[in-house]
Amino acid sequence: MFKLFASFMILISSTLLGFLKAADFEKREKILKRLKYDLDFIKNEITFMRTPVEGIIKKLSETEGELKIFYKTVYDEIRKNADTSVSQIWLCKTEETLKLMPITKGDADVLRLLGQSFGKSDTDGQSAVINTAAENLNLQLCNAVSEKEKNSHLFKSLGFYAGILIVVMFF
C-alpha cells in the first residue's frame, strides 16, 4: 500500500514540476503581449496627450496586468528619489524584474531600450525609440510563441515520463 501511495506521489509531483515549467513559457508570452499594449499606450500618451513620463508610469501602475508590479515599483522609486532620473530608476528596476519574472535577456533589452529614452529627448525622439522597441518586441514575441509551442508540451510530457521512470527504477 505504501509503495502505491509513494509511486502516486512521485508521479504527481514530477508531473506538477513539468506543468510549472511549461507555465513559465505561457507567462512570458502574456508579459510580452502586455508590454506591446503598454508601448502603444506610452506612445499615445507622449505623442498626443503630452503626458509627462511620471504621469504615464503612474497610469501604468494603476492598470491590471503582469507588469503592474514593475510599473508600481518604478513609480514609487520616482516619488522617493526625485533627484534621480527616470531612466536610471527604470534601468535599475528592469534588472530586479529580470530576477522575478520568466523573461529572457532579450525581453529585458526591450525594457532597457525604452527606459534609456525616458525624459532624455523630445516627443519625436521618444516616439522613434518606442517604435524601435516595438519592433524588437515583436521579434521577441514571435520567439516566445514559438518557444511556448515547442517547449510547453515537451516539459509537461517530460515531467510525467520522468515520474514514471523514477517509479519504475525504485519500485
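What you are looking at is a predicted structure, and each value in this text was computed from that prediction instead of being measured.

Turning next to the pattern of salt bridges. Across all of its chains, the model carries 14 salt bridges by this definition. The shortest N-O distance in the salt bridge between R28 and D107 comes to 2.6 Å. Residue R28 is located in helix α1 (residues 2–49), and its partner D107 is located in helix α5 (residues 105–117); the two are separated by 79 residues in the primary sequence. Classification of D107 by relative accessible area gives buried; the value is 1%. Of the charged contacts in the structure, one is a salt bridge between E29 and K33, with a shortest N-O distance of 3.2 Å. Separated by four residues within a single helix, E29 and K33 lie in helix α1, roughly one turn from each other. Judged by its relative accessible area of 9%, E29 is buried.

Over its 15 residues, helix α4 (residues 86–100) runs 21 Å from end to end, which matches the ideal 21 Å to within 8%, given 1.5 Å per residue. Residues of α4 that are buried: V86, S87, I89, W90, K93, T94 and T97. Taken around the axis of α4, the buried residues stretch over an arc of 145°, which confines them to a single face. Away from its buried face by more than 90 degrees, α4 exposes Q88 and K99.

Moving on, we get to the environment of A128. Its place among the elements puts A128 in helix α6 (residues 123–170). On a C-alpha basis, the gap between A128 and S117 in space is 9.6 Å, while along the polypeptide they are 11 residues apart.

Looking now at empty space enclosed by the protein. Throughout the structure, instances matching the rule amount to one cavity of 30 Å³ or more. Space inside the largest cavity adds up to approximately 40 Å³. When residues of the lining of the largest cavity are traced back to their parent elements, those giving at least two are α1 and α5. Top contributing element to the lining of the largest cavity by residue count: α1, with three residues. A per-class count over the lining of the largest cavity returns seven nonpolar, one polar and one charged.

With their axes 8 Å apart at the nearest point, α1 and α6 run at an angle of 170° to one another. With respect to their mutual orientation, α1 and α6 come out roughly antiparallel. Within the contact of α1 with α6, the residues separate by chemical class into 23 nonpolar, 16 polar and 10 charged.

Taken N-terminus to C-terminus, the directions of α5 and α6 make an angle of 175°; their axes are 9 Å apart at the nearest point. Relative to α6, the element α5 lies roughly antiparallel. Along the contact surface, α5 presents G106, D107, V110, L113, L114 and S117, while α6 presents Q126, V129, I130, T132, A133, N136, L137 and Q140. Class assignment for the residues of the contact of α5 with α6 results in seven nonpolar, six polar and one charged.

Rules and cut-offs
Residue numbers run consecutively from 1 along every chain, following the written order of its sequence. For a predicted model such as this one, the threshold for reporting local features is a pLDDT of at least 70, and the threshold for listing and counting side-chain atom pairs is 80 or more; totals across whole chains, interfaces and linings nevertheless cover every residue. Side-chain measures here rest on the full set of heavy atoms in the structure, leaving out hydrogens and waters. A side-chain nitrogen of Lys or Arg and a carboxyl oxygen of Asp or Glu constitute a salt bridge if their distance falls within 4 Å. Secondary structure follows DSSP: runs of H or I at least 4 residues long count as helices, runs of E at least 2 residues long count as strands, and numbering of each begins at the N terminus. Relative accessible area decides the class of each residue, using a 1.4 Å probe on protein chains only: under 20% of the type maximum gives buried, over 50% gives exposed, and in between gives partly exposed. Any helix carries an expected span of 1.5 Å times its number of residues minus one. Note that the arc is defined by the directions from the helix axis to the C-beta atoms. The way it works is a 1 Å grid over only the protein atoms, where trapped points that fit a 1.4 Å probe form a cavity and open points with protein on both sides within 12 Å along at least five of seven lines form a pocket, and then any residue with an atom within 4 Å of a point lines it. Grid points are joined across faces, edges and corners, and a volume is the space filled by probe spheres set on the points. Following the grouping adopted for this structure description, the nonpolar residues are Ala, Val, Leu, Ile, Met, Phe, Trp, Tyr, Cys and Pro, the charged ones are Asp, Glu, Lys and Arg, and the polar ones are all others, Gly among them. As a rule, the C-alpha atoms of each element are fitted with a line to give its axis, helices using only the stretch in contact, and angles between N-to-C directions run from 0 to 180 degrees. Each angle is binned into one of four classes, with values under 35 degrees roughly parallel, values over 145 roughly antiparallel, values of 65 to 115 roughly perpendicular, and all other values oblique. Any two residues whose heavy atoms approach within 4.5 Å are treated as being in contact.

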